[in-house]
Each structure stands twice: as C-alpha cells, then as structure tokens.
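Working through the structure, step by step
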Amino acid sequence: MSGSAQPARLSRPAANRWVVLANVSLGTFMSTLDSSIANVALPTLSRELAAPIHLIQWVLTAYLLTICATLPIMGKISDLLGRTRVYLFGFLLFAFGSALCGLSHSLGFLIFSRIVQAIGAACLMSNSQAIVAETFAKGDRGRALGIIGTVVSLGSLTGPGIGGILVERFGWPTIFWINVPIGALAFLAGLVFLPKDSARKREPFDFAGSGMFIVGMTAFLYILSNAQDWGWASAAVLGGGACSLAVFAGFYVWERRVRYPMLDFSLYRIPAFAIGNLTAVLVFAANFFTTVMLPFYLQNVLGLTPEKTGYFMMVYPITMAVVAPLSGFLSDRMGSKLLTTAGLVVTIAGFLCLTTVTTQQNRLVLALFLMLFGLGSGLFQSPNNASIMGAVPPPKLGSAGGLNALARNVGMVLGTSVSVSIYATGLRHFGGGAATPDPQAMVSSLHIVFWSGLAVCLLALSVSLRRLKL
C-alpha cells in the first residue's frame, strides 16, 4: 500500500458510546429479525399467494442468499467509503425494501423486494461489529461485542414469535411495514450519534473477486435450494455444484494473488477463528431446522393459530435472553471452551426430545423442549463470538466481524434449504403423494428433519471440541 493510502477509520468516538451501541444493536436486530420473521407467515403466504412450500420458502431463501452473496463486498466497500456512511445507507435501503415487501401482491415481486431489503441488511450487518469495536475502548470492547452477538441471536430467534403475532392480528404485510418507521428513526438517530467517517482508503476495488464470489455463492445456494425438485443425483445438481465449486476455487486463487483482495483468507489460518466460524455455520444451520419447521408442526399438526404459534416460539429466545448474559459473564472468567461444548450438548438433547413429538403432543412438554434450545444457544453463542473476535488482531476486527456474519447467514440458508428439502422428501414418502398429507405423515417427516438436525449438531460438537486442544 502506498504511503498516501490511509485506512478509513472512524473519528473520535461519540460522547455517549452506549448510544452508539444502542443504534448499532437496533440495526443488527432488524436485519437478523427479518431472517426469520416470515417463518410463521409461510403457511399464510402459501395460501394467499397460491404457491407451494418449495416456492414460498424463497421468501426466506432469497433474503439470506442475497446477504451471503453481498456481505463481504459491502464490508470492503465500507473500508473504502466509510463504515458509518454505508451503515446509514443500509437503514434507508432496508426500510425502502420493507415498504416494497408490504406492497407486494405476487410471490415474484415479494421475492424481488426481499432482495432489495437484503442488500440494505448486508450494509448493516457488515459494519455493526466494526463500528462497535472502534467506538469502544479496549477494556469494554469484549462486553460490547458480546451484546451485539446476543442481539444477533435474539433477532434471529424472536422473528417467528413477533411474526406470528403480527400475521394473526394485522395480516402478513405488517411483518414488513413495521420496519419502515423504525428504520427511518434509526437513520436519523445515526446521523446524530454515530461517529463520523474520516479518511478513506485509496485503493482499487476488487471487481473481479467480488463478481466471482457473487456468482459462486449464488449458484451454490440456488442449486442447494432446488435440489429437492431436480433430484440430488441429477445432472443439474451435480454439474451445477461442480461448476460453483470451480468458481470458488478460482476466487480463492485470485484473492491469494491480487494486491488488494476483497476477502482476507489469512484470518482462517488462526485456529480459534476458523473453528469458531465453522462451528457457527453448523449451529445456525441446525437451529434453522427448528425455526423453519416448528411453525408448520404447531399450525398444521397441533392446530395453533399464527398468533399462538408466535407466542409458543418465543419460549426459545426468552430462555436464551436469560442465559446469554450469564454465559457471556462466565466466558470472560473461564474462557469459551467449556461453555460452547456445554451449549452444543444441551442443543443435541433438545433435538433428541423433538424426535419424540406426536400428533397429540403435550404443549407444556413441548415448551420445555424449546427451553432446551434456548439454554443451548445461550450457552454457545456469546462465548463462541468472543472466541472468534478475541482470536484476531485489532486491525482486522472489521473483517473478522463481516466473516462471522457471513458464516451465520450461510448457516441459515443451509438450514432453511436442507430442512425444507428433507421435509418435502419425507412427505412424498409418508404421505404417498397426497395433496394434503395427514398429520401423522407430517410428524414422521419432521422426525427425519430433527434427526438430521441432531446429526448436524454432533458434527458441530466434533469441530468445537478441537478448541480444547488450543
């Protein structure tokens, strides 16, 4: 880098850094909330827009896929143009996309609107941890980043609960309209309270690397999402998967050689960073096996209304909200290794319990099952985030935060696509191709989904245990 190139740092922190944290937490909560707020609305959307489940799930997948494809790019643009500037633009774009979603009257336009919304969310997600890391002094940085990590998980997990209440009382468009006034107010508050950007980086943007990443990530996740319809062993899936992996290989080679890469692969040579991110991908994938599938079980099998489903789904995040602060406090004193392991063991126990659900499931017992997932997530998420962010040097905290967000969202996409695929395959097997499968066929299909989620959690545990040797 030439002597004239200066990093795009933030100016002196605002007088009240906790106000900065509150604003960033709001943006983080909004963007992660919309990763799952439409989960409970999927059955309603399927009926009102006359679309089958394998198509309606694109309301979720398009949002997550777009975020995955643009997160590292938005992070790089932020380094060049300024983090606060891109972050505030994200609020505006997110609110605009939300308004388009609320106005949608067809599945195609709704998916397009979700893509617009997701680009705004990527602007928010790619900068939240970096703004917090630069605003807070070293002594409080870990605590502040832990709060952001908790907000991420709470946003992802409270989506079904809030969505269910809004769908039942006010209709499905309100799950998107609610973002518009909040986003506008957050934008105005950010203009006042967020630290101003100073000097920008003077370096070329990696258009070639960005293009390859978008093509590779979009192709891979698109193929994964359609594998259930095309057939997992079909030429389209095998050939398309091979092509997307080839693009990723070319992207890796390019990024290793280019002078100003879009993505810093050197971070993955840090063992704690690599283990934490891989574990996060697997854990978020497993968690989305439950957040996507449970609303269908609660409404279509147990007969709960969307509102009651929303209340029921809130058991998970409320439990986590109680456990996560204590987990973060303990991780500062005893490290993250034992806590992350304990969290994964509890989550595995939760999946074991879900494999026993029936068509006449006792609701109190089911609530206790969901509490296990809240306990497991609360024990795992904060220590894992602290492990990831604590493993990298301070100058690379921004890149580390963006890659951590990417891992989280890739996990969500994988969880959504794979769980829907497994469920649809199970329905074809147990339902015999019936247009409206009976409740027992749905439950048998869900058992396969939950056993699969358990297997993913076991894989996550085997990866996470490697940090005990560090």
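None of these values were measured; they are calculated from a predicted model. (Residues numbered from 1 in each chain as written. Predicted model: local features only at pLDDT ≥ 70, side-chain atom pairs only at ≥ 80, totals over all residues. Heavy atoms only, no water.)

Okay, the overall build of the chain next. For the chain, the count of helices and strands is 18 helices and 0 strands. A globule of 470 residues ought to have a C-alpha radius of gyration of about 23 Å, and the chain, at 21 Å, matches this closely. Overall size of the chain, expressed as C-alpha extent along the three principal axes, is 70 × 45 × 45 Å. By sequence separation, contacts in the chain at least 24 residues apart represent 84% of the contacts at least 6 residues apart. A total accessible area of about 18,000 Å² is found for the chain, and carbon and sulfur atoms account for 69% of it. (Helix = DSSP H or I, 4+ residues; strand = E, 2+ residues; numbered from the N terminus. Rg over C-alpha atoms; globule rule 2.2 N^0.38 Å. Contact = heavy atoms within 4.5 Å. Areas by Shrake-Rupley, 256 points an atom, 1.4 Å probe, with all protein chains shown as cover.)

Our focus in this paragraph is the environment of Q381. Looking at the secondary structure, you find Q381 in helix α16 (residues 363-390). Overall, the relative accessible area of 3% leaves Q381 in the buried class. For the pair Q381 and A280, spaced 101 residues apart in sequence, the C-alpha separation works out to 8.2 Å. (Buried < 20%, exposed > 50% of the residue type's maximum accessible area, 1.4 Å probe, protein only.)

Under the criterion given, the structure shown has 12 aromatic pairs. Geometrically, the ring pair formed by Y268 and F273 is edge-to-face, given 5.3 Å between the ring centres and 65° between the ring planes. Residue classification places Y268 among the partly exposed positions, given a relative accessible area of 32%. When its relative accessible area of 0% is taken as the criterion, F273 is described as buried. Relative to Y423, the ring of F296 lies with its centre 6.5 Å away and its plane at 40°, an arrangement referred to as tilted. Placement of F296 in helix α12 (residues 271-301) and of Y423 in helix α17 (residues 397-430) is noted, with a sequence separation of 127 residues between them. Given the relative accessible area of 8%, F296 is considered buried. (Phe/Tyr/Trp six-rings, centres within 6.5 Å; stacked < 30°, edge-to-face > 60°.)

Taking 1.5 Å per residue, 31 residues should reach 45 Å; α12 reaches 44 Å between its end C-alpha atoms and fits that length. Maximal helix bending in α12 amounts to about 35°, located at M293; proline P295 follows within four positions. Summarising burial for α12: 27 of the 31 residues are buried, a large majority. Just past α12, the residue G303 takes up positive phi, approximately 80°. (Expected span 1.5 Å × (residues − 1). Bend = angle between axes of the 7 residues up to and from the residue.)

Here the focus is helix α5 (residues 83-103). Relative to the 30 Å expected for 21 residues at 1.5 Å per residue, α5 spans 30 Å between its end C-alpha atoms, a close match to the ideal helical length. The buried count for α5 comes to 16 of 21 residues, which makes it a mostly enclosed element.

With that settled, the discussion passes to the nonpolar core. Among the nonpolar cores identified, the biggest contains 117 residues, and L45, Y297 and L366 are the most heavily contacted of them. With 16 residues, the single largest contributor to this core is α12. Ignoring anything within four residues of it in the chain, the contact list for L366 reads Y297, L298, L302, F312, L354, V357 and Q361. (Core = buried A, V, L, I, M, F, W, Y, C linked by side-chain atoms within 4.5 Å.)

On the surface, a nonpolar cluster with roughly 630 Å² of combined accessible area is contributed by L326, F329, L330, M334, L338, L465 and L468. A total of 4 residues in the nonpolar patch trace back to one element, the largest contributor, which is helix α14 (residues 315-334). Along the chain, the position of L338 falls in helix α15 (residues 337-354). (Patch = residues over 30% accessible without salt bridge, like charges linked within 9 Å, V, L, I, M, F, W, Y side chains within 5 Å. Salt bridge = Lys/Arg side-chain N within 4 Å of Asp/Glu carboxyl O.)

With 90% of its residues at a pLDDT of 70 or more, the chain shows a mean pLDDT of 81. For residues 1-15, every residue scores under 50 in pLDDT, and the model assigns this stretch 39 contacts once sequence neighbours within four places are set aside. (pLDDT = per-residue confidence, 0-100.)

For the rest of this paragraph, the subject is the packing of α5 against helix α9 (residues 179-193). It is the contact of α5 with α9, at a shortest axis distance of 8 Å, that shows an interaxial angle of 165°. It follows from the interaxial angle that α5 and α9 lie roughly antiparallel. For α5 against α9, the interelement crossing comes out left-handed. On the side of α5, the interface is formed by L88, F91, L92, F94, A95, S98 and A99, while α9 contributes N179, V180, G183, A186, F187, G190 and L191. Class assignment of the residues belonging to the contact of α5 with α9 gives a composition of 10 nonpolar, 4 polar and no charged. (Axes fitted to C-alpha atoms, helices over the stretch in contact; angles between N-to-C directions. Parallel < 35°, antiparallel > 145°, perpendicular 65-115°, else oblique. Left-handed = near helix turned anticlockwise from the far one by under 90°. Nonpolar A, V, L, I, M, F, W, Y, C, P; charged D, E, K, R; others polar.)

What follows is about the side chain of H447. Here H447 shows up in helix α18 (residues 439-464). A polar contact of 2.8 Å, which involves the side chain of H447, links it to the backbone oxygen of V357. Ignoring sequence-local partners within four residues, the contact set of H447 consists of L354, T355, T356 and V357. (Polar contact = N/O pair within 3.5 Å; in protein donor to acceptor, adjacent residues only side chain to side chain.)

This brings us to the state of the cysteines. Applying the stated criterion to the full structure yields 0 disulfides. Left unpaired, C68 is separated from the closest cysteine sulfur, that of C123, by 15 Å. With a relative accessible area of 0%, C68 lands in the buried category. The thiol of C353 is not disulfide-bonded; the next cysteine sulfur, from C457, is found 13 Å away. According to the relative accessible area criterion, C353 is partly exposed, its value standing at 22%. (Disulfide = S-S within 2.5 Å.)

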